[in-house]
Amino acid sequence: QVQLVESGGGSVQAGGSLRLSCAASGYTWYYNCMGWFRQAPGKEREGVAHISTSIGSTYYADSVKGRFTISQDNAKNTVYLQMNSLKPEDTAMYYCAAGVLRMNICRPNYWGQGTQVTVSS
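Model, not experiment: these values are computed from the prediction.

### Let's talk about the nonpolar core
One broad trend across soluble globular proteins is that nonpolar side chains are buried collectively. Counting residues in each nonpolar core, the largest one holds 27 residues, and the members touching the most others are Met 34, Trp 36, Leu 81, Met 83 and Tyr 94. Of all the secondary-structure elements, those providing two or more residues to this core are strand E1 (2-7), strand E3 (18-26), strand E4 (33-39), strand E5 (46-52), strand E7 (68-73), strand E8 (78-83), strand E9 (92-102) and strand E11 (115-120). In contact with Met 34, other than residues within four places in its own chain, are Leu 4, Cys 22, Ala 24, His 50, Ile 51, Thr 53, Ile 70, Val 79, Cys 96, Ala 97, Ala 98 and Cys 106.

As structure tokens, then:
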């Protein structure tokens, strides 16, 4: 099995920055992509960004392009999400996920517990 543990969430003012981390353990060959999803109360869960763990190619939702950067450290089986120029609309629970790429979308099979990001105006 695969375990994912997120960290780095918190509360910041608009315009601030946070960096989220997701450490994977277990059978890391069970997936070929890792990504970040977010969900606010009463809203659908949405994909934010993902990365191909083998190739390193990245994808971003339009709402975060130019502000968020996903990266990986393969030696540590860890992915990061650098979030800059945060907006109140970014407030959500952020979940790390690992899965397989299909139609250039990371389809999660494993999920982390989530980390809360709150952005105040």
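### Side note on the state of the cysteines
Tallying each qualifying case throughout the model produces two disulfides. Note that Cys 22 is cross-linked by a disulfide to Cys 96, the S-S spacing being 2.0 Å. Its S-S torsion of approximately -80 degrees makes the covalent link between Cys 22 and Cys 96 left-handed. Here the residue Cys 22 occupies a position in strand E3, and Cys 96 occupies one in strand E9, the gap between them amounting to 74 residues. For the pair formed by Cys 22 and Cys 96, the shared burial category is buried. Across a sulfur-sulfur distance of 2.1 Å, Cys 33 and Cys 106 are joined as a disulfide pair. The disulfide joining Cys 33 to Cys 106 has a torsion of about 90 degrees about its S-S bond and is therefore right-handed. Pair noted here: Cys 33 is in strand E4 and Cys 106 is in strand E10 (residues 105-111), with a separation of 73 residues, a long-range link. For Cys 33, a relative accessible area of 0% corresponds to the buried category.

The rules we used
- Within any chain, residue numbers begin from 1 and follow the written order of that chain's sequence.
- Only residues with pLDDT of at least 70 are given local features in this predicted model, and only at 80 or more are side-chain atom pairs given and counted; all residues enter the totals for whole chains, interfaces and linings.
- Water and hydrogen atoms play no part in the side-chain values, which are based on all heavy atoms of the structure.
- Only buried Ala, Val, Leu, Ile, Met, Phe, Trp, Tyr and Cys residues count toward a nonpolar core, and they belong to the same one when joined by side-chain atoms within 4.5 Å.
- For every residue, the accessible area (1.4 Å probe, protein chains only) is compared with the maximum for its type, and the residue is labelled buried under 20%, exposed over 50%, or partly exposed between those bounds.
- Helical segments are the DSSP runs of H or I of at least four residues, strand segments are the runs of E of at least two, and each set is numbered from the N terminus.
- By definition in these notes, contact holds between two residues if any of their heavy atoms fall within 4.5 Å.
- Counting rule for disulfides: a pair of cysteine sulfur atoms within 2.5 Å.

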